[in-house]
Amino acid sequence: ENRLSCNIHTMTDTENFITDCIKAHIAVLGPVAALAIARKIPSLKIADNGDVLAITGDAQATLEELKNAYLSFAGEASQAIMRTLEAAHPELTHNA
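Computed from a prediction, not measured in an experiment: that's the story for all the values here. (Residues numbered from 1 in each chain as written. Predicted model: local features only at pLDDT ≥ 70, side-chain atom pairs only at ≥ 80, totals over all residues. Heavy atoms only, no water.)

With that settled, consider the overall build of the protein chain. A tally of helices and strands in the protein chain yields five helices and four strands. Out of the 96 residues in the protein chain, the part that is buried amounts to 38%. Pairs at least 24 residues apart make up 55% of the contacts formed inside the protein chain by residues separated by at least 6 positions. With an accessible surface of roughly 5500 Å², the protein chain has 55% of that area assigned to carbon and sulfur atoms. (Helix = DSSP H or I, 4+ residues; strand = E, 2+ residues; numbered from the N terminus. Buried < 20%, exposed > 50% of the residue type's maximum accessible area, 1.4 Å probe, protein only. Contact = heavy atoms within 4.5 Å. Areas by Shrake-Rupley, 256 points an atom, 1.4 Å probe, with all protein chains shown as cover.)

Attention shifts here to the packing of helix H1 (residues 13-29) against helix H4 (residues 76-88). At a minimum axis separation of 10 Å, H1 and H4 run at an interaxial angle of 140°. Considered as vectors, H1 and H4 are oriented oblique to each other. The two elements H1 and H4 meet at a crossing, and its hand is right-handed. From H1, Phe17, Asp20, Cys21, Ala24, His25 and Val28 reach across to H4, where they touch Ala77, Ser78, Ile81, Met82, Leu85 and Glu86. A class-by-class count of the residues in the contact of H1 with H4 yields eight nonpolar, two polar and two charged. (Axes fitted to C-alpha atoms, helices over the stretch in contact; angles between N-to-C directions. Parallel < 35°, antiparallel > 145°, perpendicular 65-115°, else oblique. Left-handed = near helix turned anticlockwise from the far one by under 90°. Nonpolar A, V, L, I, M, F, W, Y, C, P; charged D, E, K, R; others polar.)

Here it is as structure tokens:
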């Protein structure tokens, strides 16, 4: 079982998805741009490697805000990244 510990709590599926999203965007956009975009979201605290450290409030709303921020910045590239991630995380997309 994959149990990534983040500070004192276990990562949720949504937190893992957000971490994967940030890291995928780091790979495409570079760390400076990808982290700067993610760090504009007040409810999201992330490490320099893209790991989620904390989410305050609704994690799903934070994910939507992050997706929209990357889409507005990177457009088609971000859409391709999100399609790939959603295919890899069907547990998060079945109720969307």
